[in-house]
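Architecture and fold: a report
Chain residues, written in single-letter form:
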Amino acid sequence: MIIDDDPFVLRMLARQLARLGCDQVLPFSSARDALAAMSEGDTSVGLTICDLQMPEMDGVQFVGELGRIGYSGALAVASGEDGRILQTAEKLARAHGLHVLGALRKPVALDELRDLLARSAAHRAAIPRQMRPAYPPEDLRRALAEGELVNHYQPQIDVATGALVGVETLVRWHHPRDGMVFPDQFISTAEEHDLIDDVTHVVLTEALRQARRWDDAGLDLRVAVNVSMDNLAALGFPDFVAASAHDAGVTPTHLVLEVTESRLMKDQRAPLEILTRLALKRIGLSIDDFGTGHSSLAQLRDFPFDELKVDRSFIHGASRDSALSAIVVASCGMARQLGMSVVAEGVEDRADWDYVRACGCHRAQGYFMGRPMPAPDLQSWMVTWEGRCGELGLA
Ligand code: G
Ligand code: G
Ligand code: MN
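Residues numbered from 1 in each chain as written. Chains lettered and ligands numbered in written order. Predicted model: local features only at pLDDT ≥ 70, side-chain atom pairs only at ≥ 80, totals over all residues. Heavy atoms only, no water.

1. Some remarks on the overall build of the protein chain
Of the regular secondary structure elements, the protein chain holds 15 helices and 15 strands. A compact globule built from 395 residues should have a C-alpha radius of gyration of about 21 Å, and the protein chain, at 24 Å, falls within 12% of that. Taken along the three principal axes of its C-alpha coordinates, the protein chain extends 70 × 50 × 40 Å. When contacts within the protein chain are restricted to residue pairs at least 6 apart in sequence, long-range pairs at least 24 apart make up 68% of them. For the protein chain, the accessible surface area stands at approximately 19,200 Å², while carbon and sulfur atoms represent 54% of it. Taken together, the 39 basic and 56 acidic charged side chains of the protein chain have centroids lying 2 Å from each other. (Helix = DSSP H or I, 4+ residues; strand = E, 2+ residues; numbered from the N terminus. Rg over C-alpha atoms; globule rule 2.2 N^0.38 Å. Contact = heavy atoms within 4.5 Å. Areas by Shrake-Rupley, 256 points an atom, 1.4 Å probe, with all protein chains shown as cover. Lys, Arg positive; Asp, Glu negative; His and termini not counted. Charge placed at Lys NZ, Arg CZ, Asp CG, Glu CD.)

2. Some details on the coordination of the manganese ion (ligand 3)
Angles between donor atoms at a metal ideally measure 109.5 degrees for a four-coordinate tetrahedral arrangement and either 90 or 180 degrees for a six-coordinate octahedral one. With distances of 2.1 to 2.4 Å, the protein atoms coordinating the manganese ion (ligand 3) are Glu168 (OE), Asn226 (OD1), Glu258 (OE) and Asp288 (OD). The sequence pattern describing where the donors of the manganese ion (ligand 3) fall on their chain is E-x57-N-x31-E-x29-D. Here the residue Glu168 occupies a position in strand β7 (residues 164–175), and Asp288 occupies one in strand β11 (residues 284–290), the gap between them amounting to 120 residues. Residue Glu168 is classed as buried on the basis of its relative accessible area of 4%. When its relative accessible area of 3% is taken as the criterion, Asp288 is described as buried. (Donors = N, O, S within 2.8 Å, 3.2 Å for Na, K, Ca; no water. Buried < 20%, exposed > 50% of the residue type's maximum accessible area, 1.4 Å probe, protein only.)

3. Overview of the pattern of salt bridges
This model, assessed by the stated rule, comprises 22 salt bridges. Here Arg212 and Asp215 are joined by a salt bridge, their closest N and O atoms 3.8 Å apart. Of this pair, Arg212 and Asp215 both sit in helix α8 (residues 196–216), separated by 3 residues, roughly a single helical turn. Within the structure, one salt-bridge network assembled from shared partners comprises Glu168, Glu258, Lys309 and Glu345. (Salt bridge = Lys/Arg side-chain N within 4 Å of Asp/Glu carboxyl O.)

4. Quick look at the site of ligand 2
By nearness alone, 14 residues border ligand 2, and Asp289, Arg312, Glu345, Glu348 and Tyr367 come closest of all. Here an oxygen atom of ligand 2 sits 2.3 Å away from a polar atom, N or O, in the side chain of Glu345. Side-chain polar atom of Glu348 to a nitrogen atom of ligand 2: 2.7 Å apart, as the coordinates give it. Its free accessible area being 520 Å², ligand 2 has 80% of it covered by the protein chains. Those elements that provide at least two residues to the shell around ligand 2 are β7 and β11. For the shell around ligand 2, the class distribution of residues is 3 nonpolar, 4 polar and 7 charged. (Near = heavy atom within 4 Å. Polar contact = N/O pair within 3.5 Å; in protein donor to acceptor, adjacent residues only side chain to side chain. Nonpolar A, V, L, I, M, F, W, Y, C, P; charged D, E, K, R; others polar.)

5. Some details on the sheet that holds strand β3 (residues 47–50)
Pairing between the strands of a sheet comes from backbone hydrogen bonds, and it takes one of two forms, parallel or antiparallel. Taken in spatial order, the 5 strands line up as β2-β1-β3-β4-β5 in an open sheet, and their pairing is parallel. Every interior strand has two partners, whereas the edge strands, β2 (27–28) and β5 (99–105), have only one. When strand β1 (residues 2–3) meets β3, the two strands line up parallel, connected through 2 bridges. Residue pairing for β3: Ile3 is matched across the bridge by Cys50. (Pairing = 2+ DSSP bridges.)

6. Re the site of ligand 1
The environment of ligand 1 is formed by Leu170, Val171, Arg172, Phe182, Pro183, Ile187, Val203, Asn226, Ser228 and Asp288. Val171 places a main-chain nitrogen or oxygen 3.2 Å from a nitrogen atom of ligand 1. Arg172 places a side-chain nitrogen or oxygen 2.7 Å from an oxygen atom of ligand 1. Coverage of ligand 1 by the protein chains reaches 77% of its 490 Å² of free accessible surface. Among the elements that take part in the shell around ligand 1, β7 stands out by supplying 3 residues, more than any other.

7. Comments concerning the domain arrangement of the protein chain
A common way to express how large an interface is: the accessible area buried when the components associate. Taken domain by domain, the protein chain holds domain 1 (2–130) and domain 2 (138–391). Relative placement of domain 1 and domain 2: their C-alpha centres are 36 Å apart. (Domains from an automatic or database assignment.)

8. Looking at the side chain of Ser30
Relative to the helices and strands, Ser30 is located in the loop between β2 and α2 (31–39). Separated by 3.3 Å, the side chain of Ser30 and the backbone nitrogen of Arg32 make a polar contact.

9. Some details on the pairing of strand β9 (residues 222–228)
Counting buried residues in β9 gives 5 out of 7 residues, a clear majority hidden from the surface. Sheet topology note: the β7/β9 ladder contains 4 bridges and is parallel. Looking across to β9, one finds that Val167 is bridged to Val223. Pairing analysis gives 6 bridges linking β9 to strand β10 (residues 255–260), with the strands arranged parallel. Note on β10: the bridge partner recorded for Val223 is Leu255. Where the polypeptide runs from β9 across helix α9 (residues 237–248) and back to β10, its parallel neighbour, the crossover connection is right-handed. (Right-handed = clockwise from strand over helix to strand, strands pointing away.)

10. Description of the packing of α9 against helix α10 (residues 269–280)
Put simply, α9 and α10 touch, their axes get as near as 8 Å, and they point 30 degrees apart. In terms of axis orientation, α9 runs roughly parallel to α10. In the crossing of α9 with α10, the sense of the turn from one axis to the other is right-handed. Residue-level inspection shows Phe237, Pro238, Asp239 and Val241 of α9 in contact with α10, the latter providing Ile274, Arg277 and Leu278. (Axes fitted to C-alpha atoms, helices over the stretch in contact; angles between N-to-C directions. Parallel < 35°, antiparallel > 145°, perpendicular 65-115°, else oblique. Left-handed = near helix turned anticlockwise from the far one by under 90°.)

Okay, structure coming up:
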């Protein structure tokens, strides 16, 4: 479905879509008519491209209505408005629960449209995944008892040398019926049902054991483990971590705990005490997803972090987006002044890689270098990576 009050734009878009193989295009010159056609329910629309600036009902109102009728297809906004307005419209649509593929700047380039269609197909393929139910806490309790949680590790690269200097531990659940289950489907259940300490114990213990194996194999890696703010409520946590590292034969400086604050903590005394004691034990502390949610300036001020992970929503595409770039550059500058190191997350392509090298991030992590993988795959990944270093401007 395409919606634009300008008949010329509408014809042009229809022609471009036809060239790209879309044989069912529904053009509308008014958002109201488009909405009426949709709510009659005789058409199931996979992708909607709509203009923002329209008389009668504008694109913003239309997006609100799409949310209200529970439109489940994909959405893209095409407009001549400037980038910030487009971005805000995108965000608004997401807030309405719509699947937003992105914004198209008018006049729409054929290549961008082709890209959009590819992503729209990917969206349709992904629908069943989003509809997966949350797991009840009993299932997770059983998984913990049966040892079904497995660690994957994602490489972290020193951007100056290209050397592998660390990994982030990311837990997966090998579910006997459903296969691989990702943490976003069970971490919040764990937090809500008092199982997060058990999850962290399992993940941390295995990560430390693995760190020891890498060390024995001559690989000098810092191993990062994600901890939940709820882990920082138990005052025994620092001693537990220190004892676990000691038992595994891992130096505390080789362990990093990544902390995200997903919700506001009313009482900060416990996390403050715990993080300070972890810092005294020389365990690395990283502020994860920096710039999102509550992972913010106040946390930098109040807690003894020595590393900042710039959230991937700021990194990917920063080389082409001045707002993102401003945020990344400022975060790097601030971290440097505070004596912290900066890890760029979400480096997905060559442009991101070149960007994070130029802007003063210390380390980079992302699909461009390597995805999270089981520990035994790391050696062969390294061989491949070293082979790519030449073309990436690394000696
Ligand atoms: O690969 P990815 O889908 O792994 O991870 C999704 C999110 O889950 C990330 O935000 C990550 O911080 C979180 N996560 C991954 N592993 C753990 C873990 O062991 N403990 C906690 N608390 N969060 C984790
Ligand atoms: O929140 P945390 O930083 O712990 O999240 C790490 C998450 O980011 C994991 O789900 C991991 O699989 C994912 N991830 C890692 N690299 C990339 C990347 O380059 N792009 C995207 N989109 N996600 C990534
Ligand atoms: Mn993390």
